[in-house]
Amino acid sequence: MAEYTTNPVKDALSHILDNLSEADFKKFKHHLKGDVPWSKLENADRDDAICLIIQKYTDEHCGKTVVIILRKMNLNQAAKDLEEKEQEIKLEKLKTLEKSKFNCEQIVEKNEALARYVENQVKMEFERYNQFLLDDMAARVAAVREEVEQKSQAPRENIKKINREMSSLAVQDGRRSDEEDTSLQNGTAERSEPEPTAAPTPEYTLQDPGTLINVAKHMDDLKMTLWRKLMKMMTPMTLDPNTANPDLVLSEDLTSVQYVKKNPQRFHNNPCVLGSEGFTSGTHCWDVEVVEKTSWNVGVTGESVRRQGGNVWWIGISYVNNGFVVHNPNWIELKLTQKPQRIRLKLDWDRGELSFSDPDNDTLLHTIKHTFTEKMFPYIETRSFLRILPSR
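Small disclaimer: the values here were computed from a predicted structure and weren't measured.

**What to know about a nonpolar patch on the surface**
- On the surface, Tyr-117, Val-118, Val-122 and Phe-126 cluster together into a nonpolar patch covering about 370 Å² of accessible area.
- Along the chain, Tyr-117 turns up in helix H6 (residues 76–186).
- Relative accessible area serves as the criterion here: at 32%, Tyr-117 is assigned to the partly exposed category.

**A closer look at the sheet that holds strand E11 (residues 363–369)**
- Read from one edge of the open sheet, seven strands run E1-E2-E13-E4-E9-E10-E11, paired in antiparallel fashion. Only two strands of the sheet have a single neighbouring strand rather than two, namely strand E1 (248–250) and E11. Averaged over neighbouring strand pairs, the angle between their axes works out to 20 degrees when direction is ignored.
- As defined by bridge partners, strand E4 (residues 283–289) adjoins strand E9 (residues 342–348) across seven bridges and the pair is classed as antiparallel. Of the residues in E9, the one forming a bridge with Cys-285 is Lys-346.

**Some words on helix H2 (residues 22–32)**
- Considered for burial, the residues of H2 that qualify are Phe-25, Phe-28, Lys-29 and Leu-32. Here the buried residues of H2 occupy an arc of 100 degrees about the axis, which is enough to place them on one side.

**Regarding the pairing of strand E13 (residues 385–388)**
- Burial along E13 is one-sided: the face carrying Leu-386 and Ile-388 is buried and the face carrying Phe-385 and Arg-387 is not.
- As paired strands, strand E2 (residues 256–259) and E13 are joined by three bridges and run antiparallel to one another. Looking across to E13, one finds that Val-257 is bridged to Leu-386.
- Across two bridges, the pairing between E4 and E13 is antiparallel. By the bridge assignment, Val-288 is partnered in E13 with Ile-388.

Quick notes on the rules
- Residues numbered from 1 in each chain as written.
- Predicted model: local features only at pLDDT ≥ 70, side-chain atom pairs only at ≥ 80, totals over all residues.
- Heavy atoms only, no water.
- Patch = residues over 30% accessible without salt bridge, like charges linked within 9 Å, V, L, I, M, F, W, Y side chains within 5 Å.
- Areas by Shrake-Rupley, 256 points an atom, 1.4 Å probe, with all protein chains shown as cover.
- Salt bridge = Lys/Arg side-chain N within 4 Å of Asp/Glu carboxyl O.
- Helix = DSSP H or I, 4+ residues; strand = E, 2+ residues; numbered from the N terminus.
- Buried < 20%, exposed > 50% of the residue type's maximum accessible area, 1.4 Å probe, protein only.
- Pairing = 2+ DSSP bridges.
- Axes fitted to C-alpha atoms, helices over the stretch in contact; angles between N-to-C directions.
- Arc of directions from axis to C-beta.

Here is the structure:
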């Protein structure tokens, strides 16, 4: 942020005092001695006198004090010139303040707009993940109920069969008792024939294998399974919209970039954008979808890269004129038997390595050796469309 100094006031006072004769300058110092110690004024030259005035008075009162002294000395034209110069200084300072205020208002307004955008995106992301969890929960509950139905079907059929047999036995017992009573009353006792034996009812116990639902299958490593599914929905990095070239438009989730000429702001010479997170240590990996794209560069660049004017320093791999080249920062042609649909970038900051591979067939394409000394950011440059892929 700019700081406002007394230089314009000092220049105005210098212009007035430099035009005073030696005799008038001595008189001027005598008029000052009521406010400034004479011991400091006696041998002071014009520059010293101006410094003493500035130290004693505020910017506003410096000019007023000198104007009053000049009028007392009947130097009315000099007083008028200083008043006009003071007015110019005030107007210039007012313009500077208005510009500064306008810039601050723009920052506040832009931040509010960005905050609204980020808040909406955060809500949407949480709703997406929440819906995913609800859907997964519903699927798991449905799977549990389905197995319950499967495992309970045979026992339920058996219960019905047992109930029918129990009812049949109760009816037979009642009929036999009535027949015996009648025989006794008539004095005749007949020997009844035994009932035919029915098929045995299957026996089920809690200890039988496969009788109960498989709790372990439904609960086994639930948190890790959910985490793996969520990771498949996530990308290892996002793009930073504040660094995007004016010709690039980023997707709402900040994982893809589209070349659209012309978008009014950001990186100026190269149609490029940086990742939102930089790295100063460790190993980091991300995949970029490049299938059927006409021209692109992917790699890394330093935090200190120049963004306004001139070329951008970067190292990486490019697809130009239907061929692959490595930029380190000189160009080296790569002989590839087939065109990758995805490029996997692996940055090992500590070992000073940036490698490129084809994740579809696990083929190493090239490795760049470079000593990293600052924070490195993922770098993407395109005149078509590129997308960061979710983690695998």
